[in-house]
Amino acid sequence: MNKPMEACQVQKPGMACRQVAAVIRDYLIAHPSAADSDQGIADWWLAGSGLQVSLDDVRQALELLASRQIVEKQMLADGRLIYRAAHRSARPPH
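Residues numbered from 1 in each chain as written. Predicted model: local features only at pLDDT ≥ 70, side-chain atom pairs only at ≥ 80, totals over all residues. Heavy atoms only, no water.

J.: Which residues make up the packing of helix H2 (residues 15-30) against helix H4 (residues 55-67), and what are the values?
T.: For any two helices packed against each other, the geometry is given by the interaxial angle and the distance between the axes. Contact geometry for H2 and H4: axes closest at 8 Å, N-to-C directions at 70 degrees. Classified by the angle between their axes, H2 and H4 sit roughly perpendicular to one another. As for the relative orientation of H2 and H4, their crossing is right-handed in sense. Facing H2, whose interface residues are Ala16, Cys17, Val20, Ala21, Ile24 and Arg25, H4 presents Asp57, Val58, Gln60, Ala61, Leu62, Leu64 and Leu65. Across the contact of H2 with H4, the residue classes tally to 10 nonpolar, 1 polar and 2 charged. (Axes fitted to C-alpha atoms, helices over the stretch in contact; angles between N-to-C directions. Helix = DSSP H or I, 4+ residues; strand = E, 2+ residues; numbered from the N terminus. Parallel < 35°, antiparallel > 145°, perpendicular 65-115°, else oblique. Left-handed = near helix turned anticlockwise from the far one by under 90°. Contact = heavy atoms within 4.5 Å. Nonpolar A, V, L, I, M, F, W, Y, C, P; charged D, E, K, R; others polar.)

J.: Lay out the side chain of Asp38 in plain terms, naming residues and giving numbers.
T.: Considering the arrangement of structural elements, one finds Asp38 in helix H3 (residues 38-45). Reaching out from Asp38, the side chain makes a polar contact with the side chain of Arg59 at a distance of 2.6 Å. The contact partners of Asp38, leaving out residues within four places of it in the chain, are Leu55, Val58, Arg59, Leu62 and Tyr83. (Polar contact = N/O pair within 3.5 Å; in protein donor to acceptor, adjacent residues only side chain to side chain.)

J.: Could you give me a rundown of the pairing of strand S3 (residues 81-85), with the residues and numbers involved?
T.: Relative to S3, strand S1 (residues 35-36) runs antiparallel, the two sharing 2 bridges. Bridging across to S3, Ala35 finds its partner in Arg84. Two strands pair when backbone bridges link them, and strand S2 (residues 71-75) and S3 are joined in this way by 5 bridges, in the antiparallel orientation. Opposite Val71, over in S3, you have Ala85 as the bridge partner. Where S2 hands over to S3, the hairpin turn is made up of 5 residues, of which Gly79 adopts a positive phi near 95 degrees. (Pairing = 2+ DSSP bridges.)

Next up, the structure:
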């Protein structure tokens, strides 16, 4: 059974994916309450990074960060999906 392409790239992310993920992670460290759509992240959060990336690169980076519980997805009432820093519990995992 073949895995979806995105799943493969999350397991073995490429250089662009890792670079974009690092910029997004750093942005969230500097702005912990930030939240935006994939397009907003591409347009605003990555604007000053100097990276030339596609929206697909941003989406793959967000999936990588979500799989590592660094970001979480939230569906808004109007159906839009936004991403924000994952809320971490103060308790250690069991």
